[in-house]
Amino acid sequence: MTNDSKSVRLYDKGNYAGTYTEVPASNPGRAWRDGMVSGNGENGYVTSGSPYSDTFIFQYMWFNYPSRDPRVIPEELTGQLAEARRNVFHLNDQWKITFPDGTTRRRTFYYSYHPGHQLRLSVTNKGTVSGYERWTNYETAETGVRYSDECGEWIRTSFTSREDNVSITKIAQSSAGAKINMIISIDDISGMYKARDGASELSALQYKKLVDPNAEYIAQVAHYPSYPGSELIDGGYAGLTRVVVVNGTQKRVLLADTDESMNVGEEQNPAIQVSDADAVYLITQSNRTFDMGKIDDFAGMTQYAIVDSLFRNTNAVAIKYRDVTGNFDYYAALAPHALKHAAEFNAVRFSLAGDEDDKSADNVTLINAQKASQSRIHHAFMEQVYNQGRYALICCSGSSAPRLYGMWTGEWNPGWRAIYTLDANVNLQVSPMNTGHLTYAPLGYITFFLRNTPDFESNARMAYGMHDALQVSVNSDGDRGMHVEYDNDYPFQYWNAGASWCLLPIFEYWQCFGNQQIPINDHMRIHELKPILSVKDGGLTDEEFDRLLEKGYLDLEKDILLPLLTKQANFWEQLCTPEFYTDVNGNACYEQGKIRLHPGEKYMFIPTYSPENHPIGYNSTITANATMDISAARDGLLMVITMEKAVKRDGYEDAAAKWESLLELLPDYKVDKDGALREWAMNEYTENNNHRHLSHLYPAWPAYETQNDAELAKAAVIALENRNKYNTLDATAGHGWMHKALVCARLKDGNAVAASLLPMMTDSGYYASLMTDHDTNGRCDTYCTDTLFGTVGAVNEALLFSNTGEIEVLPALPSEWTSGSIHGLMARTQVEVAALSWDLLSKAVSVTLISIAPPNEIKLKLGIPWMKATVNGKEATVLEEGFGKHIRLSLNSALDVTVEFTLTD
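No experiment lies behind these values; they were computed from the predicted model shown.

What follows is about the sheet that holds strand 26 (residues 580–582). Read from one edge to the other, the open sheet built from three strands follows the order 27-26-28, with strand pairing classed as antiparallel. Each having just a single partner strand, strand 27 (588–590) and strand 28 (602–603) make up the two edges of the open sheet. Examined bridge by bridge, strand 26 and strand 28 share two bridges and lie antiparallel to one another. Considered in strand 28, the bridge of Thr582 is made with Lys602.

The sheet built from nine strands is open, its strands ordered 1-7-8-9-10-18-15-14-13 with antiparallel pairing. Edge positions in the sheet fall to strand 1 (14–17) and strand 13 (206–211), since each has one partner strand and no second. In this sheet, neighbouring strand axes are inclined to one another by 15 degrees on average, regardless of whether the strands run parallel or antiparallel. Relative to strand 10 (residues 167–172), strand 9 (residues 152–160) is paired through five bridges, and the arrangement is antiparallel. Among the inter-strand pairings, Arg156 is bridged to a residue of strand 10, identified as Ile171.

Within the structure shown, the criterion is met by 48 salt bridges. For Glu705, the salt bridge identified is with Arg634, shortest N-O distance 2.7 Å. With Glu705 in the loop between helix 13 (652–665) and helix 14 (710–726) and Arg634 in helix 12 (residues 627–647), this residue pair connects regions lying 71 residues apart in the sequence. Judged by its relative accessible area of 18%, Glu705 falls in the buried class. Here Glu660 and Lys645 are joined by a salt bridge, their closest N and O atoms 3.2 Å apart.

Applying the stated criterion across every chain, the model contains 44 aromatic pairs. Relative to Tyr391, the ring of Tyr138 has its centre 5.2 Å away and its plane inclined at 40 degrees; by these criteria the two rings are tilted. A residue pair is termed long-range when its members are at least 10 positions apart, and Tyr138 in the loop between strand 7 (130–137) and strand 8 (142–149) and Tyr391 in helix 6 (residues 379–395) qualify at 253 residues. The class for Tyr138 is buried, based on a relative accessible area of 0%. Here Tyr391 falls in the buried class, since its relative accessible area comes to 0%. Ring geometry for Trp572 versus Phe605: centroids 5.2 Å apart, planes at 25 degrees, classification stacked. Taken together, the residues span a long stretch of sequence, with Trp572 in helix 11 (residues 556–575) and Phe605 in the loop between strand 28 and helix 12 at a distance of 33 residues. Per residue, the accessibility class of Trp572 equals that of Phe605, and both read buried. An aromatic cluster is defined as three or more aromatic residues linked by ring pairs; in this entry it consists of Tyr60, Phe63, Tyr65, Tyr224, Tyr237 and Trp412. Lys594 extends its terminal NZ or CZ atom over the ring of Tyr581, reaching a point 4.5 Å from the ring centre. In this structure, Lys861 packs its charged tip against the face of Phe883, placed 4.3 Å from the ring centre.

Rules and cut-offs
- Residues numbered from 1 in each chain as written.
- Predicted model: local features only at pLDDT ≥ 70, side-chain atom pairs only at ≥ 80, totals over all residues.
- Heavy atoms only, no water.
- Pairing = 2+ DSSP bridges.
- Helix = DSSP H or I, 4+ residues; strand = E, 2+ residues; numbered from the N terminus.
- Axes fitted to C-alpha atoms, helices over the stretch in contact; angles between N-to-C directions.
- Salt bridge = Lys/Arg side-chain N within 4 Å of Asp/Glu carboxyl O.
- Buried < 20%, exposed > 50% of the residue type's maximum accessible area, 1.4 Å probe, protein only.
- Phe/Tyr/Trp six-rings, centres within 6.5 Å; stacked < 30°, edge-to-face > 60°.
- Lys NZ or Arg CZ within 6 Å of the ring centre and 35° of its normal.

Printed below as a string of structure tokens:
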């Protein structure tokens, strides 16, 4: 896969480009976004692949640039709940949240993700380039560059190691034996791209570039601004590149000063000059610290504990992989990492027949082929972006959940601060995590959720005065996840669905893989979880907590899901008050002092927030009975009931009965005159379909209610049609299209799935690296992995629906996808779909299932019309009741069962 047909392909699975976008040292614009990426979920990089002036922008998932405003929830928030409820009930859309200073809008800002050091490799022996190619190897997480000039063919490769938590680059002499001559330097921070000028006070940063006297390393060390109340008041970060030179020389040199004010180093621009080397190896690691010292002392400092630590770590890797000659062995370092990464990537394989001539095409050719095919998905492009999505999701998994930017940025002040947005974006990004047979991603996601859980508990207490309950914030910067925005347009303190939605991926992990032991790690902030990781009021006792720490892991069922699901159920229980209810006719009622509901009455959820929308004629987004909340509550209660019955703790029957009783009293959904599922279950509201969000379709996705409720599914279909028909507002956001694709998959409309994926594919949603933008047209100037990861989730859902005891193959197959296969998906019933293939022209569908939990009773059906089925060659009995036309299977562990369906004529 190169522009030169004579060259040998250096990988089996991956993508490549015959062009590159060089990142200038100043005014680089968005050039970094065309760079190829690698990562291990904690450390990573973006590289441009320029032959003579390559850049590596290093990443660390936990980087966070402080904001001037402290992140706190104002004390007066709780006191406004009664007033909010009263005004929502009386349809007063003019009521405003107010603060003691008289303001009605208050925002404090989350911290911002930021890049690490931008390393530049400036080759001094330049020539005329031919045969250029850069690539990503999906099986090893290597990126590579190959080109020829007058000195022969040059190759350099890099990867971020899961084994050693460092990024490693190999630069080899040319095929003709030409030596390596280059300058290794670090670009000025002030010269890097700023996506949102002023969002962070970047000028308040102080940093230095460092090169040791022997030129063994080059580093950047920085002190964050010292804002009062910031946990990073004495904090900073560093990135260090260990330089190993074979049969050449390396020396410290000084480049011209750039007079950059934030660079407080005694020597502003030290670099490393490499001369006449046979090979150069770069070993890089980044980290941060909360104890850099006082910022007033930083300029005069000459020793930095974080730099010393990074040097020890990178130097240890340099020593660990020495060969018998004493030289660094790149391939020895690659091997243990590649075993881990390849197993993860190869767990699922997707193939779509058609457009075969383009299946070895470069990225730009594929992008242009898709743009030329505006009305259908180009199959070669579809395969490649599916693989790229799996690859990139793996690369940013294991330490935390994916950020808005995955884990990669080459810019300061990135769009939306590259935080975690939990009312759609993160949810979309992890949609393929469990069915996609990933093992690192769920661990990182669980770590992220636990790290933020103390703030989620505080949110429920501060917004609603609740006890022992969780309310997930709309946003988190990774370190903190409390409410920080309060106004009538974005009343995030009244977004209620978050805990149910964000716990669902952890519950689905359990559905796919069964109970697991989750290793305790420092990022969890485990000592802050003592009051939380128990179903008992007050949390764990000292003795129980000590035992938990001693065993070194969390039991997924007992220590994570049951206590956290209980606390989200506590939220719904405490949100319900008999004073606010709907009567037998569905009308909103308020009765002060009412202590119980009467037969036929239902609780009313008040206040609620259906993200960014409001009813027609009611100009406030603070509402009641949002359908999203009703569905999230129903799903959340069903999850906790399931977990109680799985764990079977003392008293579980009473606990399950309690939640079952609450479930019966939750608000009913409402259907509009045209049969559409309404966004608010309120007779008093008029639906507003001129909006891009699909929050009210929660019963279809991420919940499962429409699967076995034909009337609800029909109402959801009409509601979706209304959005398609009446929305005249912005339709450029990738997350909106991915959300729609997932909903359409659950509503079993394959052509609508394809139509939802196309806008990002046929406009400007994909960069030459096959990473994605936030929008179809680049409107928000934001790199974003919603589309890349969400596409994988949508394809998985279109090809396989599953829930406990239920599997449907090809539930939403686009009609144009007449032949294809996918191997390795996980069903949410502890079953691996080892193989699924279809050929509509041959009227054949085959699926092979392997249970990981015996005995496993499964109902299996096919989403396209079929006549008969055989199980391991024997004709199966066809059943019709309940689940529709299906067969029943009794699966035993590790024994595969193959079902062959014959399609109808």
